[in-house]
Amino acid sequence: MFVARSIAADHKDLIHDVSFDFHGRRMATCSSDQSVKVWDKSESGDWHCTASWKTHSGSVWRVTWAHPEFGQVLASCSFDRTAAVWEEIVGESNDKLRGQSHWVKRTTLVDSRTSVTDVKFAPKHMGLMLATCSADGVVRIYEAPDVMNLSQWSLQHEISCKLSCSCISWNPSSSRAHSPMIAVGSDDNSPNISAKVQIYEYNENTRKYAKAESLMTVTDPVHDISFAPNLGRSFHILAVATKDVRIFTLKPVRKELTSSGGPTKFEIHIVAQFDNHNSQVWRVSWNITGTVLASSGDDGCVRLWKANYMDNWKCTGILKGNGSPVNGSSSQQGISNASLGSNNPNLQNSLNGSSASRKHS
Amino acid sequence: MEELDGDPTLTFIPGVNSKKRQMCFDWGPGEMLVCETLFKKKEKEEKVPGCPLIYIVRKDIDVYSRILRKLFNESHGIFVGLQKIEEESTGKSRKAQLVRVSKNYRSVIRACMEEMHQVAIAAQDPICGRQYSSQVSILSAMELIWNLCEILFIEVAPAGPLLLHLLDWVRLHVCEMDGLSADVLGSENPNKHENFWNLPGNTQTLTELELKWQHWHEECERHLQDGTFASNPHLESLCKVCRVEIMLGDDNALLEQKELLSNWYHFLVTRLLYSHPTVKPIELHFYAQSSLDLFLGGDSSPEPLDNILMAAFEFDIHQVIKECSIALSNWWFVAHLTDLLDHCKLLHSHNLYFGSNMREFLLLEYASGLFAHHSLWQLGVDYFDHCPELGRVYLELHIERIPLNTEQKALKVLRICERRQMTEQVRSICKILAMKAVCNNRLGSALSWSIRAKDAAFATLVSDRFLKDYCERGSFSDLDLIDNLGPAMMLSDRLTFLGKYREFHRLYGEKRFADAASLLLSLMTSQIAPRSFWMTLLTDALPLLEQKQVIFAAEQTYELMQCLEDLTVGRPEPRKLGGQRSQEDDVETTKVEMLRLALARNLARAIVKEGTLEGS
């Protein structure tokens, strides 16, 4: 891997989240300075900040993009106990010339009594829907029934998890064999040994979300959680960021024909557990094909995990800060160290027929 | 099978202090965002200055190289051609085809190497020059390995010719490396090996070859005696080698001339030439291992390239592929080589259950990397097409992420999806474009995309916008589009109404009043027109009612009156609301009164006309 570009963030305080849009041509950042910034990639590959505005009255923890089928829509959540939905308004041509765009608040979701720790849009096949979770232990699911009128959102479900929530993840599977499903992680620190990951599933009959599983083996605080994209598998893959990185498979157990209509039962297996960070793991996230998992830990590193064709998981890459002082100016030029074997000088050395140790012995 | 532990690659992010801070990140389709953060910050803490930069991190650097792009493009053509080779062809003809494919791949590598070499020489900046040179080395290594695999696995030469192939193999690469490094370093090129390797063509039988060598070495012997080479120490050493070797067949003597031999496989082949020219393939690894050991002499350990070549000499294809996967950061090499070997049915014969899965695994990796590039992704499509298990779903996931900056690109992507019946992707892409168009008030474009998406709901929405526009401005935009809807009009009722309403205007413009009138009426009576639009339609009827000639027949006039009554019956009289009468109410009331009057007059005229005998 290599650093292709660096962009001056220009936030006045700590950045908490960075988020690519669906196509990777726009990004959003949010910060303790209470603002969100949106950046656009030009044809030449340069990134420009096209909007920057105050979004909350507290630190903004997360920012996320809706699927572009719904237009240009962002959601943010904050310490100020609210989550908000924003829509880009196509401005006057003057603005376009100046390279600026406007974002307007469509709604504020004020139901939480504590800091809102995560906000995630549901998979697009469920319509325009999002979930929030809060330190008050409640997951709230909102829906905008009319995608052309984003000021109307209704609270459809409130799921009480009984433990302070830190993260949520929607199961992206659009298969008809899978009901809508959401995983919730808790960073509750109290000494009770309770499962810190819960899985809720939507029931068509009761029209409610009911708890399907708790991962009993995860008893340490959980900071992030992420379902992998489903490539037509019958089972689900879930990554958990806790005191280490863990990957679980959840295999639906075949329902009897006379099913009572309760939530699906799952066979849960742990397929990988990594403590390479040697510290708390704060984020986990899958790439778009679900073949690589990235994790970020207290060791200041981002690690990449991949399964080979034998289904064995290994760390294949590490991103680490080298702490060298930056002169503050951003470089939009590619930092090039182009090579077919960029991290393996050995190959080219051994080809030249001379390893240093041999020739100059 | 033993799991090889390649170490994870380490990438430094400048400016981020990993001792005190952490990093947040996000995946994009082709790259990652990374940024310094502090996960445990409490809300009330002081502002914390830190690394002010957001980083874009990429994996597949090679897709961005202009010269390597040719490699990707041309090898794509070879790959697709290979997939089409008839399954039925067996035996010699098939083998010949496969060897040809292998040679094609190698010539593409060589062409790329040559071009890069030229660029390296011409480079003004020495750092750039060195970078290009190192790329050349790697390409050369790839060709070296591929060539050996071709000889051992595809050509599968039996005992005699095997050595000849290996001789060619070493000669080609040793001379080449000398030549290349000489060019770059600008030093004299003794090309000391040229004479040594100056073999006649490969059509010799082994006996002929041996005779020739015998003669050559007698010559050497004579020259040495005469002191002909006294002035050229290199040639003199060479002669000594030959003489010693032929007389003693001694590996050790050869070893003493190590400086003449660039590496252990050069040594190996030389050895075989002198001592064991009829070496059989299964014996190769024995000599290879000892050559390696002798040459390294315990001073150093084998390097990646050595391991790869050794695995090849041991005919351990899977090991070759594994080692290559680790040593090379780009999947191009292992993906194409493995695919070719799979076509040679070599992966199956090793009797490992994941034989064909490995091919697919590597092709999926390679093709995924191509999708990070704004135009190379098109090559990736064909690779996915030839991955029977997961190719389709990978294509679905990747193709919907392609940014649709231009209409041309969008149409290209859609054609690819449509040809493969990827209906959900077609719908989604069209929806994204329709939405973008609506937000930018490009209603015609939005309507086209909605129709292509077969999205009735969105078509209705856009039609409503058109109608609203018409009411506000009195004219239609995008007339061409609406006039030529054709059967697409049926997608939604509102769209049908839009099309028919526009048709009404056209008929009126062509002065086909009777047809226009019938159409107008039918729009209301068939309930296709939304109620909210009826007032507009009735108002449109006014000019037709006020014409000199009678256009609406009596029956039709009755129906129009009925429509008007249906429309007004629900409305409360303004006065009854008790509030003040607004200007709008006034206008409405006036309109209704005018309509009633016009309808009544028309009715009268129609009755009279119909009661009168025509043309007497």
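Residues numbered from 1 in each chain as written. Chains lettered and ligands numbered in written order. Predicted model: local features only at pLDDT ≥ 70, side-chain atom pairs only at ≥ 80, totals over all residues. Heavy atoms only, no water.

Looking at an unreviewed UniProt entry, chain B carries the name Nuclear pore complex protein Nup85, with the source organism given as Monodelphis domestica. In its Subcellular location (unreviewed entry) section, the UniProt record describing chain B reads: "Nucleus, Nuclear pore complex". (UniProt positions renumbered as here; feature names shortened; annotations may be inferred.)

An unreviewed UniProt entry annotates chain A as Nucleoporin SEH1 of Monodelphis domestica. Regarding chain A, the UniProt comment filed under Sequence similarities (unreviewed entry) reads as follows: "Belongs to the WD repeat SEC13 family."

## Some words on unusual backbone geometry
Unusually for a residue other than glycine, Asn278(A) sits at a positive phi of about 60°. Turning to its location among the elements, Asn278(A) is positioned in the loop between β21 (266–274) and β22 (281–286). The backbone phi angle of Lys511(B) is positive, close to 65°, even though this residue is not glycine. Position of Lys511(B) among the secondary structure elements: in the loop between α23 (493–509) and α24 (513–525). (Helix = DSSP H or I, 4+ residues; strand = E, 2+ residues; numbered from the N terminus.)

## Overview of the sheet that holds strand β12 (residues 138–143) of chain A
All names here are of chain A. Reading across from one edge, β10-β11-β12-β13 is the order of the four strands in this open sheet, with antiparallel pairing throughout. Only two strands of the sheet have a single neighbouring strand rather than two, namely β10 (116–121) and β13 (154–160). Taken pair by pair, the neighbouring strands of this sheet meet at an average axis angle of 20°, ignoring direction. Relative to β13, β12 is paired through six bridges, and the arrangement is antiparallel. Looking at β13, one finds that glutamate 143 is bridged to serine 154. (Pairing = 2+ DSSP bridges. Axes fitted to C-alpha atoms, helices over the stretch in contact; angles between N-to-C directions.)

## Description of the UniProt feature "repeat: WD" (unreviewed entry) in chain A
All names here are of chain A. When the UniProt feature table is mapped to this numbering, "repeat: WD" (unreviewed entry) covers residues 8–40 and 274–306. For residues 8–40, the helix share is 0%, the strand share is 58%, and the end-to-end C-alpha distance is 13 Å. For residues 274–306, helix accounts for 0% and strand for 58%, while the C-alpha atoms at its two ends are 12 Å apart.

## Here's the deal with α23(B)
Residues and elements named next belong to chain B. Helix length check: α23, at 17 residues, gives a terminal C-alpha distance of 24 Å against a target of 24 Å (1.5 Å per residue), a fit within 8%. Buried within α23 are the following residues: Leu495, Thr496, Phe497, Leu498, Gly499, Tyr501, Arg502, Phe504 and Leu507. In this structure, the buried side of α23 is in contact with α20 (443–453), α21 (456–473), α22 (479–483), α24 and α25 (534–545). (Expected span 1.5 Å × (residues − 1). Buried < 20%, exposed > 50% of the residue type's maximum accessible area, 1.4 Å probe, protein only. Contact = heavy atoms within 4.5 Å.)

## A look at the packing of α23(B) against α24(B)
Residues and elements named next belong to chain B. At a minimum axis separation of 8 Å, α23 and α24 run at an interaxial angle of 155°. Classed by the angle they form, the pair α23 and α24 counts as roughly antiparallel. Every pair of crossing elements has a handedness; the one defined by α23 and α24 is left-handed. For the pair formed by α23 and α24, the contact residues are Phe497, Lys500, Tyr501, Glu503, Phe504, Leu507 and Tyr508 on the first element and Phe513, Asp515, Ala516, Leu519, Leu520 and Leu523 on the second. (Parallel < 35°, antiparallel > 145°, perpendicular 65-115°, else oblique. Left-handed = near helix turned anticlockwise from the far one by under 90°.)

## Brief notes about the pairing of β10(A)
All names here are of chain A. Of all six residues in β10, five are buried; the element is thus mostly enclosed. The pairing of β10 with strand β11 (residues 129–134) spans five bridges and is antiparallel. Bridge pairing links lysine 120 to alanine 131 in β11.

## Describing the interface of chain A and chain B
With 106 residues of chain A in contact, the opposing surface of chain B contributes 107 residues. Interface area, chain A with chain B, both sides summed: about 9,800 Å², of which 64% is carbon and sulfur. Scanning the region where chain A abuts chain B turns up five salt bridges. Residues Lys124(A) and Glu424(B) are paired through a salt bridge, measuring 2.9 Å at the closest nitrogen-oxygen approach. On the surface where chain A and chain B come into contact, there are 29 residue pairs in polar contact (both at pLDDT 80 or more). Per-element accounting of the side of chain A that touches chain B gives the leading share, eight residues, to strand β25 (residues 313–321) of chain A. (Buried area = accessible area lost by both parts, 1.4 Å probe. Salt bridge = Lys/Arg side-chain N within 4 Å of Asp/Glu carboxyl O. Polar contact = N/O pair within 3.5 Å; in protein donor to acceptor, adjacent residues only side chain to side chain.)

## Some remarks on the domain arrangement of chain B
When the domains of chain B are assigned, the result is domain 1 (22–59), domain 2 (63–176 + 217–351), domain 3 (403–493) and domain 4 (511–569 + 585–615). Computed from C-alpha coordinates alone, the two centres of domain 1 of chain B and domain 4 of chain B are separated by 68 Å. (Domains from an automatic or database assignment.)

## Looking at the pattern of salt bridges
Pairing is possible between side chains that carry opposite charge, provided their charged atoms lie close to one another. All names here are of chain B. Scanning the entire structure with this criterion turns up 45 salt bridges over all chains. With a closest N to O distance of 2.7 Å, aspartate 483 and arginine 502 form a salt bridge. One end of the pair, aspartate 483, is in helix α22; the other, arginine 502, is in helix α23, with 19 residues separating them in the sequence. Residue classification places arginine 502 among the buried residues on the basis of a relative accessible area of 13%. Where aspartate 515 meets arginine 512, a salt bridge forms, and the shortest distance between an N and an O atom there is 3.4 Å. Look at aspartate 515 and you get partly exposed, because its relative accessible area is 38%. Members of the salt-bridge network, linked through shared partners, are Lys103, Arg106, Arg110, Glu143 and Glu150.

## Observations concerning the packing of aromatic side chains
By the definition in use, this model includes 36 aromatic pairs over all chains. Each ring, one from Trp286(A) and one from Trp313(A), has its centre 5.9 Å from the other, and the planes form 70°; the classification is edge-to-face. Of the two residues, Trp286(A) is situated in strand β22 and Trp313(A) in strand β25; the sequence distance between them amounts to 27 residues. Trp313(A) carries the same exposure label as Trp286(A), and that label is buried. Grouping aromatic residues by their ring pairs yields a cluster made of Tyr470(B), Phe476(B), Phe497(B), Tyr501(B), Phe504(B), Tyr508(B), Phe513(B) and Phe533(B). Above the face of the Phe235(A) ring, Arg233(A) is positioned so that its terminal group lies 5.5 Å from the ring centre. (Phe/Tyr/Trp six-rings, centres within 6.5 Å; stacked < 30°, edge-to-face > 60°. Lys NZ or Arg CZ within 6 Å of the ring centre and 35° of its normal.)

## Brief notes about the pairing of β11(A)
All names here are of chain A. Burial analysis of β11 places six of its six residues in the buried class, the great majority of the element. Residues Met129, Ala131 and Cys133 point to one face of β11 and Leu130, Thr132 and Ser134 to the other, with burial holding for every one of them. For β11 and β12, the ladder comprises five bridges, and the chain directions are antiparallel. Residue pairing in the sheet places threonine 132 in a bridge with arginine 140 of β12. Once β11 ends, the chain turns through three residues before running back antiparallel as β12, passing glycine 137 with a positive phi of about 85°.

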